[in-house]
Amino acid sequence: EKMHATLARLAAASVRAGPSRLPATYVQGFHNHDAVSAIEYRQLGKTDMSLAPLGFGGSAISGSFYAVDDSEAISSVRYALQHGLNIIDTAPWYGHGKGETVLGRALRDIPRSAYYIATKVGRYEPHPPDMFNFSGARVLKSIDESLERLGLNVIDIIQVHDIEFAPNLDIIVKETLPALAEAKAAGKVRHIGITGYALAPLQHVIEHTTVPLDSILSYCRYALNDTSLLSLIPMLKDKGIGIINASVLSMGLLAPHGPPVWHPAHPEIKATCAKAVAYCQSQGVDLARLAIHFALQNKDISTTYFSSGRFAETKANVASMTIVLTPAEKACIQYVNENFFWPLKGRENWEGVEPTKYWTKVGRILLTEKLYGQQWLRK
């Protein structure tokens with residue numbers, strides 16, 4: 001603990017000193033010195049981790065969104081780390097184990113001190129009744145499975161995945177988190193966090209847990225179209241809990257190609273975001289580039305994840321840390337805020353949509369199996 005406290009002080013000093021200092025994850029001979037030295041790293045809460053403002057999300061390399069060539073995905077991970085990104089986030093849910101397996105292959109020849117690894121527990125299989133399991137026994141087993149797939153001895157941050165899907169948040173508070181504390185005491189994990197889309201469950205768990213939390217991961221809640229995460233930041237800072245942001249394109253709402261068909265946002269949100277994308281395109285501006293720039297400006301957020309298994313995309317995202325907006329881009333941000341996103345305030349989220357669908361499916365499946373047998377379940 002004394003060593004970690006010392007590292008934390010050094011990390012904080014590095015952040016205060018700005019980009020001239022190298023982070024603790026810098027490894028001579030592996031990293032691109034110029035790229036790393038140009039980055040201003042940010043401390044994650046009270047931890048000893050000083051993070052690049054952009055982190056590597058591991059969902060895409062699992063093939064969850066599109067077909068991915070494993071060798072290209074591995075090259076993407078290596079490039080991102082060599083050029084200063086120093087945290088990778090993954091989960092057993094991503095590709096149902098494939099994401100961690102591919103990542104483990106990518107990390108074989110990379111110095112362990114060159115990165116931090118974050119993974120999750122609680123979400124696993126596509127079949128709804130088997131999708132979530134927050135029991136203490138299952139999450140402890142999950143940690144061992146993740147360590148094996150990743151080829152590592154310790155996980156830097158272990159996170160409870162999508163806590164709003166728990167049937168009762170007391171399970172997270174009284175069973176899941178104490179189990180993670182056991183794993184921390186055993187030396188298998190270093191820090192503990194929670195993740196989710198809905199903000200109220202995050203706040204509830206933070207206020208009721210007796211297990212110290214080191215981080216929260218929130219997705220789609222600090223983006224151009226929804227800045228609701230701001231409401232939690234004062235409490236998180238007061239408690240020394242590090243803030244991780246993900247999905248600044250709101251799962252495709254702000255992307256040129258638009259969201260996937262399964263996107264849970266309400267029609268008004270989808271239509272508003274589509275109008276914003278179209279307006280920016282009419283001005284010759286990429287809204288996705290503006291969205292990344294916007295997210296990276298908030299220094300209360302330690303890091304923001306992007307996810308890609310494509311090398312060219314990874315390279316472009318890494319370069320986004322040094323984006324300088326043109327006057328046309330600045331004008332575009334102002335216009336889409338005033339005409340699209342700010343008027344949506346109060347109706348900008350889809351909280352409750354996915355858990356409701358999930359529990360409806362689970363109930364239908366379990367009731368059908370109980371009363372009629374599996375042969376009557378629709379495939």
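An account of the accompanying structure is given in this report. (Residues numbered from 1 in each chain as written. Predicted model: local features only at pLDDT ≥ 70, side-chain atom pairs only at ≥ 80, totals over all residues. Heavy atoms only, no water.)

**Some remarks on the overall build of the protein**
Here is step 1 of the chain: Counting its regular elements, the protein contains 14 helices and ten strands.
Here is step 2 of the chain: Here the C-alpha atoms of the protein give a radius of gyration of 20 Å, agreeing with the 21 Å that 2.2 N^0.38 yields for 379 residues.
Here is step 3 of the chain: Counting over 379 residues, the protein shows a buried share of 55%.
Here is step 4 of the chain: By sequence separation, contacts in the protein at least 24 residues apart represent 75% of the contacts at least 6 residues apart.
Here is step 5 of the chain: Averaging the coordinates of the 38 positive side-chain charges in the protein and doing the same for the 35 negative ones gives two points 1 Å apart. (Helix = DSSP H or I, 4+ residues; strand = E, 2+ residues; numbered from the N terminus. Rg over C-alpha atoms; globule rule 2.2 N^0.38 Å. Buried < 20%, exposed > 50% of the residue type's maximum accessible area, 1.4 Å probe, protein only. Contact = heavy atoms within 4.5 Å. Lys, Arg positive; Asp, Glu negative; His and termini not counted. Charge placed at Lys NZ, Arg CZ, Asp CG, Glu CD.)

**Here we look at the sheet that holds strand β8 (residues 215-219)**
Backbone hydrogen bonds are what pair the strands of a sheet, in a parallel or an antiparallel way.
Here is step 1 of the chain: Taken in spatial order, the eight strands line up as β3-β4-β5-β6-β7-β8-β9-β10 and close into a barrel, and their pairing is parallel. Strand-to-strand twist of the sheet, defined as the mean angle between neighbouring strand axes without regard to direction, takes the value 30°. (Pairing = 2+ DSSP bridges. Axes fitted to C-alpha atoms, helices over the stretch in contact; angles between N-to-C directions.)

**Points about the nonpolar core**
Here is step 1 of the chain: In this structure, Leu177 and Ile194 are the most contacted members of the largest nonpolar core, which totals 78 residues.
Here is step 2 of the chain: Looking at which element gives the most residues to this core, the answer is helix α7 (residues 169-185), with seven residues.
Here is step 3 of the chain: If near-sequence neighbours (up to four positions away) are discounted, Leu177 is found in contact with Val160, Ile172, Ile192, Ile194, Val205, Thr209, Val211 and Leu213.
Here is step 4 of the chain: In terms of nonpolar packing, the next biggest core, distinct from the first, is built from 37 residues, Ala291, Tyr305, Ile333 and Val353 among them. (Core = buried A, V, L, I, M, F, W, Y, C linked by side-chain atoms within 4.5 Å.)

**A look at the pairing of strand β10 (residues 303-307)**
Here is step 1 of the chain: Among the five residues of β10, four are classified as buried, and the element is accordingly described as predominantly covered.
Here is step 2 of the chain: The pairing of strand β3 (residues 54-57) with β10 spans four bridges and is classified as parallel. Across the sheet, residue Phe56 finds its bridge partner in β10, namely Phe306.
Here is step 3 of the chain: Two strands pair when backbone bridges link them, and strand β9 (residues 242-246) and β10 are joined in this way by three bridges, in the parallel orientation. The partner of Ala246 across the bridge, within β10, is Tyr305.

**Remarks on unusual backbone geometry**
Here is step 1 of the chain: We note that Asp162 has phi near 55°; this positive angle belongs to a residue other than glycine.
Here is step 2 of the chain: With respect to the helices and strands, the residue Asp162 is situated in the loop between β6 (155-160) and α7.
Here is step 3 of the chain: Judged by its relative accessible area of 4%, Asp162 is buried.
Here is step 4 of the chain: Unlike most non-glycine residues, Ser250 shows phi in positive territory, near 50°.
Here is step 5 of the chain: Mapped onto the elements of the fold, Ser250 is located in the loop between β9 and α10 (267-282).

**Description of the packing of α7 against helix α8 (residues 199-208)**
Here is step 1 of the chain: Put simply, α7 and α8 touch, their axes get as near as 10 Å, and they point 45° apart. Judged by the inter-axis angle, α7 sits oblique to α8. Note that α7 runs across α8; the crossing there is right-handed. Contacts from Leu169, Asp170, Ile172, Val173 and Leu177 of α7 reach α8 at Pro201, His204, Val205 and His208.
Here is step 2 of the chain: Each residue belonging to the contact of α7 with α8 can be placed in one class, and the counts come to six nonpolar, two polar and one charged. (Parallel < 35°, antiparallel > 145°, perpendicular 65-115°, else oblique. Left-handed = near helix turned anticlockwise from the far one by under 90°. Nonpolar A, V, L, I, M, F, W, Y, C, P; charged D, E, K, R; others polar.)

**Considerations on helix α14 (residues 353-371)**
Here is step 1 of the chain: Helix length check: α14, at 19 residues, gives a terminal C-alpha distance of 27 Å against a target of 27 Å (1.5 Å per residue), a fit within 8%.
Here is step 2 of the chain: Of the surrounding secondary structure, the elements contacted by the buried residues of α14 are α5 (128-131).
Here is step 3 of the chain: Gly373 sits one or two residues past α14 and shows a positive phi near 100°. (Expected span 1.5 Å × (residues − 1).)

**A closer look at a nonpolar patch on the surface**
Here is step 1 of the chain: A contiguous nonpolar surface patch, about 510 Å² in accessible area, is contributed by Leu367, Leu371, Tyr372 and Trp376.
Here is step 2 of the chain: Mapped onto the elements of the fold, Leu367 is located in helix α14. (Patch = residues over 30% accessible without salt bridge, like charges linked within 9 Å, V, L, I, M, F, W, Y side chains within 5 Å. Areas by Shrake-Rupley, 256 points an atom, 1.4 Å probe, with all protein chains shown as cover. Salt bridge = Lys/Arg side-chain N within 4 Å of Asp/Glu carboxyl O.)

**Thoughts on the side chain of Thr303**
Here is step 1 of the chain: Here Thr303 shows up in strand β10.
Here is step 2 of the chain: Since its relative accessible area comes to 0%, Thr303 is described here as buried.
Here is step 3 of the chain: Polar side-chain contacts of Thr303 include one of 3.2 Å to the backbone nitrogen of Gly55.
Here is step 4 of the chain: Setting aside chain neighbours within four positions, we find Thr303 in contact with Leu51, Ala52, Pro53, Leu54, Gly55, Ile87, Ile243, Ile244 and Asn245. (Polar contact = N/O pair within 3.5 Å; in protein donor to acceptor, adjacent residues only side chain to side chain.)

**Some details on the environment of Pro178**
Here is step 1 of the chain: By the element assignment, Pro178 lies in helix α7.
Here is step 2 of the chain: By relative accessible area, which is 29% here, Pro178 ends up partly exposed.
Here is step 3 of the chain: In the structure, Pro178 is positioned 31 residues away from Thr209 in sequence and 9.0 Å away in space, judged by C-alpha atoms.
Here is step 4 of the chain: Filtering out sequence-adjacent residues up to four positions away, Pro178 remains in contact with Ile172, Val173 and Val211.

**Quick word on the pattern of salt bridges**
Here is step 1 of the chain: Applying the stated criterion across every chain, the model contains 18 salt bridges.
Here is step 2 of the chain: Between Arg138 and Glu145 there is a salt bridge, with its nearest N and O atoms 3.3 Å apart.
Here is step 3 of the chain: A relative accessible area of 21% places Glu145 in the partly exposed class.
Here is step 4 of the chain: In this structure, Arg347 and Glu268 form a salt bridge, with 2.9 Å as the shortest nitrogen-oxygen distance. Of this pair, Arg347 sits in the loop between α13 (327-341) and α14 while Glu268 sits in helix α10, placing them 79 residues apart in sequence.
Here is step 5 of the chain: Owing to a relative accessible area of 41%, Arg347 belongs among the partly exposed residues under this scheme.
Here is step 6 of the chain: Classification of Glu268 by relative accessible area gives partly exposed; the value is 38%.

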